[in-house]
Amino acid sequence: MDSVERPTWAPGDIDLARPSIARVYDYWLGGAHNFAVDRAVADKVLTDVPIIKSIVLNHRAFLRRAVRFMLSRGIRQFLDLGSGIPTVGNVHEIAQATDPSARVVYVDVDAVAVAHGRAILTGNELVNVLQTDVRDAKQVLSSPEVQGLLDFDEPIGVLMIALLHFVPDAEDPCGIVADYRDVLPGGSYLAISHAGFEEGEWDPAWDEAKSVYNRGVSEMCFRSKREVEVMFDGFELVEPGVARLPLWRPESPEDVDPDAAHFISFGGVGRKA
Amino acid sequence: MTEQVDHRVAAPGRSNLDPAVLAGAESFARTWATAVIGSSYVPMTRAEVAEHLQALTEVLVHALHASPFRTAPGYEIGARLVEAHFTGTDTLGRTVQLLGDDLLGELGIQPDELMRSRLAALQGALAAGYARALRERTLAEQEAIRAAVLDARDQAEAALRASEARFRAMFTEAAIGIGIADIEGRILDVNQALQDMLGFSVEEMRQYNIRDLMHPEDGGSVWRLYDQLTAGECDHYRAEKRFRRADGEQVWTHLTLSLVRDDHGDPQYQVAMIEDVTDRHLLQNRLRYQALHDPLTGLPNRALFLERLGRVFNNRARHRAGLCYLDLDGFKVINDSLGHDIGDQLLVEVGRRLDHSVSGEGKLVARMGGDEFVILVEGSQDTQDIVDVADRVLRELESPIRIGGHELTVSASIGIVERALSGTTAADLMRDADITLYWAKADGKSRWALYNPERNAKEVARFTLSATMPAALERDEFYVDYQPLVRLEDSTVVGVEALVRWQHPEFGRLAPDRFIELAEETGLIVPLGRWVLRRACEQARRWLEEFGDSAPFVSVNLAVRQSRDPELVRDVKRILDECSLPPHHLQLELTESAIMGTADEPLEALRALSEMGVRIAIDDFGTGYSNLAYLKHLPVHELKIAGSFMEGLRAADEEDAVDVQIVSTLVQLAHALQLGVTAEGVETPSQAKRLHRIGCDTGQGWFFAKPMKPEEIDELLRR
């Protein structure tokens, strides 16, 4: 994510020798938009922390629930920050199933993910894909992809799914959220899903996987529920507030495993007044 | 992102199924869903998954019972699982196992040979369909991601090409000169602006090393910093630097040199940004010239002169230097009477003549302002060098200057200072030249004066004295001594002359000749004289009390200025009254010039004093020009013959006949006018004897007594 220091017109790094978060996620989600280097890391983590697959699936499922929730509240335009490789169950698929005129802008820093998205979405005039570092809210919001498609007089659904745990405190994740919040019209919604746990829940067996992941893919910043709640500053959290991911408005009781109360991720949706 | 597909297969003839079978299918689908959920991400709720799988289960039910039996539905189910993104391979294993274990039982189908074989065939077809669909999907996705990589790379390369093109354009089109060289200084590339600036083509420039661009006038720091930069010790520096153009002209530039390092941080390239500041430089030179030159005469101005003078002292390349500080005489009159325009033209001509008469290395003519000019001569041999310059200048100014129909004759006064540089400063030199110019003016103008340290010291002392005199009077630093006036006939002390002294805290005891003249100049003589008068009268009163009729009168000198003071008579009367001193105990001494040269009023005052009973004496008689005819009309009682006439009467063995004749004539004259005569400066017994013989009444001088304290006079009187 070094493009912040880079002039905007400079090309991003396309280094296939390095795993990419987007492609590793794709692999865990059952996709084949990935390379050996991605799968090697993904498999290594999976071996050490089998639960990772469940975590990834849950974030994806949370995305689906959050989008459907926002749709039910009348949201028809979405900004998906850190969208990754568009595998299946993407925002525009979910949204346009409800309202074919729903509009979506995907933003990711991964040049390959964005190129893939653009290739698939060619001709879909209600979807734009933008390659930018989402930490630079000003650049995202002023881009033609966003300005040309989203109407800032109408509420917008902003999605930060499995995104902010890649932003260390030093880079002020709350500040980044605030940068987006400040320009959102009232009635807009923000969904955040975030890897995390409360004190005492960390399994030392995961240390190895974490370091593999940190080294090979990206630094992970686990946060507590409270820390995630703080990110919603300026938003009113909808029920049930920030919750363990499986416990946030589950679609059926069977979806809630017995250990859901210790699931190592949180999620929540807030509404800007 | 896959196309939007409805993964839920509509069960054909669903309503045809027996409700019991339907319930079984529903139950199986739920089990199936539980088994596969979590094996991969499917964008469906659990209920949607179950519903989807139930539809597939119903397809299976139909397929099991179909006639003729076909495996195609199994194949299709496998494909549809992949299509719904049940791509985790666990899905297939669990599905095949579940079909074999549970399906027939759940549906209430008798597991006979036929059904088992049909089920096995469908399982195989499902696995084959799944495998094929997954393979296709995988290949498609692999294809897609590779295409995305290529796209992204294309875009990145396009961006890179665009950025390179932009950089190239920036380099080529920049108005500032840019050059790139390797770390050894070999020039690799230069842009058009730099080629234009220096007049060399790229090819020519590439032949050069940076060091070939060294200019003889470069500051030492330019190349010192260059060495530091190429050594990697600094990353950039700025400097003013001159370059020689291909056509031999010079270019002044502002240079910024930056070091480019490789990935390891080692110096790799150097990039020079060079801005042509020649115009600015020339402008600065012009502005500097304007700042340092007098616009009227074009001569260097005060600032440049002082700068040069400062340099003379800083460099000390020469041992001596001289200054002529010159000021036109009467320039103000010309300016006021003929106008500033004529005055200005006169200054221009004077400047021209000065510049003309004083030329050569080490000499500088500057206009200091107004009609003041200064000539600096560096490295003079001796004072005569500067005197020659001053003479030349005065001669040069002698011929009349013709301006606008006027023929003007000007002269100048010049103060000259010439000395060794060690032990003096520029400020000293300037100040002394300025003082000396003042002397030249005071000495009569149209001349030069040479600085003289004794004269200066004296003037400084005079200045100090005159400045401190008023305070001294208040602090009682003055006192009065008395010198007896002795009657020659019987050596009786008949009077005493009051002589003021100054006990100066710094200079010690000062005689009147050191400060009376100053007091006259400053006007302080009036209060000082009044003080002396009062002090003398008080003393005379004391003597009167002690010695009665034999008490001496006091003779007090009256300065010219005092004699013209309208308050004189009143002051004298008040003092006499306050001291209760009879007027005839006071004698006032005035010089010839004070009495003779005066208008009526002072004479009136003297008459008034005389009528009051105060004695009037003419001091130093014979040294001035007395109108003898006038003398008899003056209210005078005594003549004091100047001590200079006593010289010829001094020796014991022989006398100067002329002096004797003069003195006796003066005595006769005085007596003819019924005036008393006092001889001053009597120092020998011979003088006293001769004066007595000549008929002189009174004597004064060291032969009788030196000036002394009043107590000493007391003792003298008591004897």
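Criteria and cut-off values
Residues numbered from 1 in each chain as written. Chains lettered and ligands numbered in written order. Predicted model: local features only at pLDDT ≥ 70, side-chain atom pairs only at ≥ 80, totals over all residues. Helix = DSSP H or I, 4+ residues; strand = E, 2+ residues; numbered from the N terminus. Buried ≥ 20, exposed ≤ 12 C-beta atoms within 10 Å, placed from the backbone. Contact = placed C-beta atoms within 7 Å. Nonpolar A, V, L, I, M, F, W, Y, C, P; charged D, E, K, R; others polar. Expected span 1.5 Å × (residues − 1). Bend = angle between axes of the 7 residues up to and from the residue. Core = buried A, V, L, I, M, F, W, Y, C linked by C-beta atoms within 7 Å. pLDDT = per-residue confidence, 0-100. Right-handed = clockwise from strand over helix to strand, strands pointing away. Axes fitted to C-alpha atoms, helices over the stretch in contact; angles between N-to-C directions. Parallel < 35°, antiparallel > 145°, perpendicular 65-115°, else oblique. Left-handed = near helix turned anticlockwise from the far one by under 90°. Pairing = 2+ DSSP bridges.

Trainee: Before we move on, could you go through the overall build of chain B and cite the residues and values that matter?
Mentor: A tally of regular secondary structure across chain B gives 25 helices and 21 strands. Looking at chain B as a whole, 34% of its 719 residues are labelled buried. Intrachain contacts of chain B at a sequence separation of at least 6 include 64% that bridge at least 24 residues.

Trainee: Pulling in residues and values, what's your account of the interface of chain B and chain A?
Mentor: Taken residue by residue, the interface counts 31 residues in chain B and 33 residues in chain A. Put simply, the parts of the chain that give the side of chain B that touches chain A at least two residues each are helix 2 (46–65) and helix 5 (113–173) of chain B. Per element, the largest residue contribution to the side of chain B that touches chain A is 18 residues, and it comes from helix 5 of chain B. Residue classes in the side of chain B that touches chain A are distributed as 14 nonpolar, 12 polar and five charged.

Trainee: Explain helix 4 (residues 89–107) of chain B to me, using residue names and the numbers behind them.
Mentor: Residue and element names in this part refer to chain B. With 19 residues, helix 4 extends 26 Å between its outermost C-alpha atoms, agreeing within 8% with the 27 Å of an ideal straight helix rising 1.5 Å per residue. Where helix 4 bends most, at Leu 99, the angle is about 45 degrees. In this structure, the buried side of helix 4 is in contact with helix 1 (19–36), helix 2, helix 3 (72–83) and helix 5. Of the residues flanking the end of helix 4, it is Gly 108, one or two places downstream, whose phi is positive at about 70 degrees.

Trainee: Break down the nonpolar core for me, citing the residues and quoting the values.
Mentor: Within the largest apolar cluster, 123 residues are counted, with the highest numbers of intra-cluster contacts made by Val158(A), Leu159(A), Met160(A), Ala191(A) and Leu60(B). In this structure Met160(A) touches Leu81(A), Gly82(A), Ala191(A) and Ile192(A), once residues within four positions along its chain are discounted. Residues Ala519(B), Leu586(B), Ala670(B) and Ile713(B) belong to the second largest nonpolar core, which totals 66 residues.

Trainee: Hey, could you go over the confidence of the model for chain B for me, with residue numbers and the actual values?
Mentor: When pLDDT is averaged along chain B, the result is 88, and 97% of the positions lie at 70 or above. Taken as a whole, residues 1–15 of chain B scores under 50 in pLDDT and shows 27 contacts with residues more than four places along the chain or in a different chain.

Trainee: Which residues make up the pairing of strand 4 (residues 157–161) of chain A, and what are the values?
Mentor: Residue and element names in this part refer to chain A. With five of five residues buried, strand 4 is to be regarded as a mostly interior element. Side-chain alternation along strand 4 places Gly 157, Leu 159 and Ile 161 on one buried face and Val 158 and Met 160 on a second face that is also buried. Considered for its hand, the β-α-β crossover made up of strand 4, helix 8 (residues 173–183) and strand 5 (residues 189–195) is right-handed.

Trainee: Residues and numbers for the packing of helix 1 of chain B against helix 4 of chain B, please.
Mentor: All names here are of chain B. Running from N to C, helix 1 and helix 4 point in directions that differ by 155 degrees, and their axes come no closer than 10 Å. On the basis of the axis angle, helix 1 is roughly antiparallel to helix 4. Like other packed secondary-structure pairs, helix 1 and helix 4 cross with a definite hand, here right-handed. Between helix 1 and helix 4, the residues in contact are Val 21, Gly 24, Ala 25, Ser 27, Phe 28, Thr 31, Trp 32, Ala 35 and Val 36 and Thr 91, Arg 94, Thr 95, Leu 98, Asp 102, Leu 103, Glu 106 and Leu 107, respectively.

Trainee: How would you summarise the pairing of strand 2 (residues 103–108) of chain A if you had to cite specific residues and measurements?
Mentor: If a strand is regular, its side chains alternate between the two faces of the sheet. All names here are of chain A. Of all six residues making up strand 2, six are buried, and the element is well covered by its neighbours. Two strands pair when backbone bridges link them, and strand 1 (residues 77–81) and strand 2 are joined in this way by five bridges, in the parallel orientation. Bridge pairing in strand 2 places Leu 79 opposite Val 105. Pairing of strand 2 with strand 3 (residues 127–131) involves five bridges; the strand directions are parallel. Paired with Asp 108 across the bridge in strand 3 is Gln 131. Read from strand 2 through helix 5 (residues 111–121) to strand 3, the crossover connection turns out right-handed.

Trainee: Can you break down unusual backbone geometry residue by residue, with the values?
Mentor: A cis amide bond links Glu239(A) with the next residue in sequence, Pro240(A), at an omega value of 5 degrees. Look at the link from Ser67(B) to Pro68(B): it is a cis peptide, with omega at 0 degrees. Within the fold, Pro68(B) resides in the loop between helix 2 and helix 3. One non-glycine residue, Lys445(B), lies in positive phi territory at about 65 degrees. By the secondary structure assignment, Lys445(B) is in the loop between helix 14 (426–442) and strand 12 (448–450). You can call Lys445(B) partly exposed: it has 14 C-beta atoms within 10 Å. The backbone of Gln674(B) shows a phi angle near 60 degrees, a positive value even though the residue is not glycine. The topology assignment puts Gln674(B) in the loop between helix 23 (657–672) and strand 20 (676–679).

Trainee: Account for the sheet that holds strand 6 (residues 320–328) of chain B, with residues named and values stated.
Mentor: All names here are of chain B. One open sheet accounts for five strands, arranged 7-8-6-11-12; its pairing is mixed. What marks the edges here is a single partner per strand, and that holds for strand 7 (363–369) and strand 12. Taken pair by pair, the neighbouring strands of this sheet meet at an average axis angle of 20 degrees, ignoring direction. In terms of strand pairing, strand 6 meets strand 11 (residues 412–420) through nine bridges, oriented antiparallel. Bridge pairing links Arg 320 to Ala 420 in strand 11. Relative to the sheet, helix 12 (residues 340–357) contacts strand 6, strand 7 and strand 8 (372–378), its axis offset from that of strand 7 by approximately 160 degrees. Together, strand 6, strand 8, strand 11 and strand 12 form the strand contacts of helix 13 (residues 383–396), whose direction differs from that of strand 11 by roughly 165 degrees.

Trainee: Explain the sheet that holds strand 5 (residues 267–276) of chain B to me, using residue names and the numbers behind them.
Mentor: All names here are of chain B. Pairing is antiparallel in the open sheet, where five strands are placed in the order 2-1-5-4-3. With partners counted over all chains shown, the strands left at the sheet margins are strand 2 (187–190) and strand 3 (236–244), one partner each. Averaged over all pairs of adjacent strands, the angle between their axes in this sheet comes to 25 degrees, without regard to strand direction. Where strand 4 (residues 250–261) and strand 5 come together, nine bridges link them in antiparallel fashion. For Leu 255, the partnering residue across the bridge sits in strand 5 and is Ile 274. Relative to strand 3, helix 8 (residues 220–230) is tilted by about 130 degrees, and along the sheet it contacts strand 3, strand 4 and strand 5.

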